[in-house]
Amino acid sequence: MDQQTSARAPARIIDGKAFAASLRARIAGHVTALKAQGVTPGLAVVLVGEDPASEVYVRNKGVATAEAGMQGVEHKLPAETPEADLLALVARLNADPAVHGILVQLPLPAHMDADKVIDAIAPEKDVDGFHVQNVGRLATGMDAMVSCTPLGCLMMLREALGDLSGLEAVVVGRSNIVGKPMAQLLLRENCTVTLAHSRTRDLAEVCRRADILVAAVGRPRMVQGDWVKPGATVIDVGINRIPAPERGEGRVRLVGDVDFDSAAKVAGAITPVPGGVGPMTIACLLANTVIAASRQAGLAPPADLAY
Ligand code: GUN
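Throughout what follows, the structure given in this document is the object of discussion. (Residues numbered from 1 in each chain as written. Predicted model: local features only at pLDDT ≥ 70, side-chain atom pairs only at ≥ 80, totals over all residues. Heavy atoms only, no water.)

Time to look at helix α2 (residues 52–67). In a regular helix each residue adds 1.5 Å, so 16 residues correspond to 22 Å; α2 covers 23 Å between its end C-alpha atoms and thus fits that length. Looking only at α2, the buried set comprises Ser 54, Val 58, Lys 61, Ala 64 and Thr 65. Down the axis, α2 shows its buried residues gathered within 125° of arc, on one side only. Facing away from the buried side of α2 by more than 90 degrees, the exposed set consists of Pro 52, Arg 59, Ala 66 and Glu 67. Those residues of α2 hidden inside the fold are in contact with α1 (16–36), β2 (42–48), β3 (71–77), β4 (101–104) and α10 (277–296). (Helix = DSSP H or I, 4+ residues; strand = E, 2+ residues; numbered from the N terminus. Expected span 1.5 Å × (residues − 1). Buried < 20%, exposed > 50% of the residue type's maximum accessible area, 1.4 Å probe, protein only. Arc of directions from axis to C-beta. Contact = heavy atoms within 4.5 Å.)

Right, let's talk about the site of the ligand for a bit. Within the structure, the ligand sits among Leu 103, Val 104, Gln 105, Leu 106, Asp 128 and Phe 130. One nitrogen or oxygen atom from the main chain of Leu 106 is found 2.9 Å from a nitrogen atom belonging to the ligand. The fraction of the free accessible surface of the ligand (280 Å²) that becomes covered by protein chains is 79%. A breakdown of the residues in the shell around the ligand according to their chemical character gives 4 nonpolar, 1 polar and 1 charged. (Near = heavy atom within 4 Å. Polar contact = N/O pair within 3.5 Å; in protein donor to acceptor, adjacent residues only side chain to side chain. Areas by Shrake-Rupley, 256 points an atom, 1.4 Å probe, with all protein chains shown as cover. Nonpolar A, V, L, I, M, F, W, Y, C, P; charged D, E, K, R; others polar.)

This paragraph deals with the side chain of Asn 288. The topology assignment puts Asn 288 in helix α10. Given a relative accessible area of 0%, Asn 288 falls into the buried group. There is a polar contact of 2.9 Å between the side chain of Asn 288 and the backbone oxygen of Val 127. When near neighbours in sequence (up to four residues on either side) are disregarded, Asn 288 contacts Val 127, Met 145, Val 146, Cys 148, Leu 151 and Tyr 307.

The strand order across the open sheet formed by 6 strands is β1-β11-β8-β7-β5-β6, and the pairing between neighbours is parallel. This sheet does not close on itself; its edge strands, each paired only once, are β1 (12–13) and β6 (192–196). With 5 bridges connecting them, strand β5 (residues 168–172) and β6 associate as parallel partners. In the strand pairing of β6, Val 171 is matched with Leu 195. Sitting on the sheet, helix α6 (residues 148–161) touches β1, β7 (212–215) and β8 (233–236), and the angle it makes with β8 is about 160°. (Pairing = 2+ DSSP bridges. Axes fitted to C-alpha atoms, helices over the stretch in contact; angles between N-to-C directions.)

A few words now on the pattern of salt bridges. Close approach of charged atoms allows side chains with opposite charge to pair. Scanning the model with the defined rule gives 7 salt bridges in all. Between Arg 24 and Glu 67 there is a salt bridge, with its nearest N and O atoms 2.7 Å apart. Here Arg 24 is found in helix α1, whereas its partner Glu 67 is found in helix α2, with 43 residues between them in sequence. We classify Arg 24 as partly exposed; its relative accessible area is 26%. In this structure Glu 67 comes out as exposed when scored by relative accessible area, which is 55%. The residue Arg 253 makes a salt bridge to Glu 246 at a minimum N-O spacing of 3.6 Å. Among the residues examined, Arg 253 registers a relative accessible area of 26% and is labelled partly exposed. (Salt bridge = Lys/Arg side-chain N within 4 Å of Asp/Glu carboxyl O.)

Below, the discussion takes up the pairing of β8. On a regular strand, each side chain points to the face opposite its neighbour's, so the side chains alternate between the two faces of the sheet. Burial along β8 is two-sided: Thr 233 and Ile 235 facing one way and Val 234 and Asp 236 facing the other are all buried. Note that β7 and β8 share 4 bridges and pair parallel. Residue Ile 212 lies in a different strand from β8, and its bridge partner there is Thr 233. Both β8 and strand β11 (residues 269–270) contribute to a ladder of 2 bridges, which runs parallel. The residue of β11 that forms the bridge with Val 234 is Ile 270.

Structural data, given as structure tokens:
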């Protein structure tokens, strides 16, 4: 709590961890119902190489899949695996009726063409929403698998604000994984959307007009409190590891793309890092897997997971 300056109440903290836990509990219920109809949702996660951060993500995905009652299968391939072998594995998973979702963890080793690999995944099993068919379907307003991180952000925004119609949204960062699909989702919610990036002129000024500000640039604490419109809802997608000598030699801590302390004095609501967007991403991966499994079994996806 700020004792010195603020006349405003501090921002409401959007608790992504609690929201993700309740979403995961609902998903587990859907998995039970699907199993009763003879369908066990199956997610195959493919990891190539030994990137430590990717290993942590993949392990977390495996735990979450099991907790939700789904069938999780991990495929770990050595870093020097030929691209053709990875493509052959993807083809096998495409043809396997027990596998409803396929996720190839990125980044891939430099000798592999990630676009080619993603393109090889059957679009209906592309629970990452990275395949051009899904990207195009989202952009044209058709049913699509949607990238998990922006989907999690959207769920939190709807929870915090209800109807988003007519709001000014500024997304900072134009990646294929977050920025671009986030902009598409907000447009579909009838927001007026600005997709800003590192070359945007007067970025602080552009951010200041946002009722909804989504930061997804990968630069620690770039968005400052004076970039935030009073009362705005701020979603921080960044997960940056910075040195934390106060915790001991060589220790690090996680910070977002938003300078939380200054932004929380101005915003109406804000996601923390950690405990904001991160937990929602995995919950949305599980949701996408349930949706994919339902569709592949010829069933309607659960209405509460529709987006
Ligand atoms: N690497 C970092 N984030 C992601 C993600 O959401 N999906 C995949 N496949 N790889 C990632």
